[in-house]
Amino acid sequence: MATTTATVSEVTPSLRLRPRNDEEAKAIEEYRYSHLLPHFSQDRYPPLQPFDHVDPGHRALTLPNPRAFLDGATRTAELTPRLGTEVTGINLAELDSSGRDQLALEVARRGLVVFRDQQDFIDRGPDFYREWGRHFGRLHIHPTSGHPAGYPEVHLVYRDANSTFNFEIDESVTTTSWHSDVSYELQPPGLTTFFLLSSPDTGGDTLFTSQVSTLRRLSPQFIAFLRTLKAVHSGFEQADFSRSGRRGATVRREPVEHIHPVVRRHPVTGEEALYVNKQFTRRIVGLKREESETILKFLFDHIDKSADNQARVKWRPHTVVLWDNRITAHTAIVDFKETGERRHGARITPQAERPIPALDGLDLNA
Ligand SMILES: [Fe+2]
C-alpha cells in the first residue's frame, strides 16, 4: 500500500482559536480536549495518488464466527431493521487485529454501528486514532478542515458560541445536508470512525440513511437504468467555501472532481448501493442538463424524505460511531446554535477502493 503523499509542517498557531481575553484563555486551558482543538496549518499538499486498497472485512469472511468480537457485549440492539446497531459492553480500543477485521465486516453489513461507553478509546489520543484508522486503509487528509496540531489525519468538526469550523451553509431552510464524506475523491472512504469530545446537552444528533435501502425502494426498471449511469462528484464548492474566508480559510490541496458509478457494489458484501449525494454530486455524465437535474433531484428528494431508511444517532458522552461511507449517507443536525454549547468531534477517515460499478464493464474513464 502506498503511503500518504501529504507533507506535514511543524506546528503553527491556530488561526481562529486564539483566546480573545483571559476568560477564554482559562476556558481553553481547562477544556479536557484542548489539545484536540482545530488548527489550520498553512501546509500545501500535492494531489492524492492512487493506491491499492485491501478491505479488512475480506479477512473476517473466512472466520468461523465473524461476529465473535461482539461476544463480550452486554447489549446489542438494532436501531432499525435496515440500518444500524447499538452496542454496549465492548471496549473498542482493546480490539485486536482480527477483532478490527470483524468490526469492518459488521459495519459493512449494518451500515452503522454505535458503541457506547468508549472513554478509553477517546482518551487514548491522536497517535492512537491514527494507529486505529490505518488498520482499515490509507488515512485521508482533508484538504480544508481543521485538525489537531500535528495530526492532519484527524478531521475535526467544531462549533461553539463564538466560532464554527464546519462546512455549514446558512442560506437553506434546513441544516440537513446529506452526503457521503469526501465523495469527490478518486478513492472515497470506506469504514469511518467518528466521536464527539464535547456535545450539547441535547441536539446535534446525526442522521444516517442506508443507500442500499434507498436503492431497493426503486423499481427494477429504474434501478437497471441507474446502473448504467455515472456522475461527477466535486470538491470545488467546499474549497470555495474556505477560500471565501470561512472554516479557517485554508485550502491545503487543490480541489478535484471525479466520476463515480451511480450504483456501486460493496467489495466485501457484494451489496449494491445508491452513490449520489446532494452535497457533492453535481451531474450525471452524458445526459442532457435537464435530464440530469431531474434525475438527481428525484434521487436527492428520495434520500431526504425516506425516513423508513434512516436512523438517528443521539450522542451521549463517550459514544464512538462507525459507518461505511460506501453504503450510507449522513447529515449533521445543527439545532443547538442558540444555546452556544460546544460541539467538538473527530473523524478518522480511511480511504477505500475506487467505487466498483454494480454494472460490470461500466467505463468510468469516459
Ligand atoms: Fe460527514
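Predicted, not measured: the structure shown is a model, and the values here were computed from it. Just so you know, the residues in each chain are numbered from 1, in the order the chain's sequence is written. Selection of residues for local features in this predicted model requires a pLDDT of at least 70, selection of side-chain atom pairs for listing and counting requires 80 or more, and totals for whole chains, interfaces and linings are taken over all residues.

A. Quick look at the sheet that holds strand β1 (residues 75-78). An order of β1-β2-β3-β13-β5-β15-β4 is seen for the seven strands of this open sheet, with the pairing classed as mixed. Looking along the sheet, the strands with just one partner apiece sit at the ends: β1 and β4 (154-159). Here the average twist between neighbouring strands, direction ignored, is 20°. By the convention used here, strands pair only if DSSP detects at least 2 bridges between them. Here a strand is any run of E in DSSP of at least two residues, a helix any run of H or I of at least four, and the numbering for each starts at the N terminus. Here β1 pairs with strand β2 (residues 85-88) via four bridges, running antiparallel. Pairing of Arg-75 across the sheet is with Thr-88, part of β2. Once C-beta atoms have been placed from the backbone, residue pairs whose C-beta atoms lie within 7 Å are recorded as contacts. Each axis is a line fitted through C-alpha atoms, and for a helix only the stretch in contact is used; angles between axes span 0 to 180 degrees, taken between their N-to-C directions. Each of β4, β5 (191-198) and β15 (343-348) is contacted by helix α5 (residues 126-134), which is oriented at about 40° to β15, the strand it contacts most.

B. Region of the structure containing the confidence of the model for the protein. Of the residues in the protein, 95% reach a pLDDT of 70 or more, and the chain-wide mean stands at 92. Under a pLDDT of 50 for its full length, residues 1-16 has, in the predicted model, 33 contacts with residues more than four places off or in other chains. Across the chain, each position has a pLDDT score giving the predictor's confidence in that residue, from 0 to 100.

C. Representation of the nonpolar core. In this structure, Ala-104, Val-107, Leu-112 and Val-321 are the most contacted members of the largest nonpolar core, which totals 46 residues. Not counting the four nearest positions on each side in its chain, Val-107 is found in contact with Val-113, Leu-191, Leu-322, Trp-323 and Asp-324. To define a nonpolar core, we join buried Ala, Val, Leu, Ile, Met, Phe, Trp, Tyr and Cys residues through C-beta atoms within 7 Å and take the resulting set. Three exposure classes are used. Buried residues have 20 or more other C-beta atoms within 10 Å of their own C-beta, exposed residues have 12 or fewer, and partly exposed residues fall in between, all C-beta atoms being placed from the backbone.

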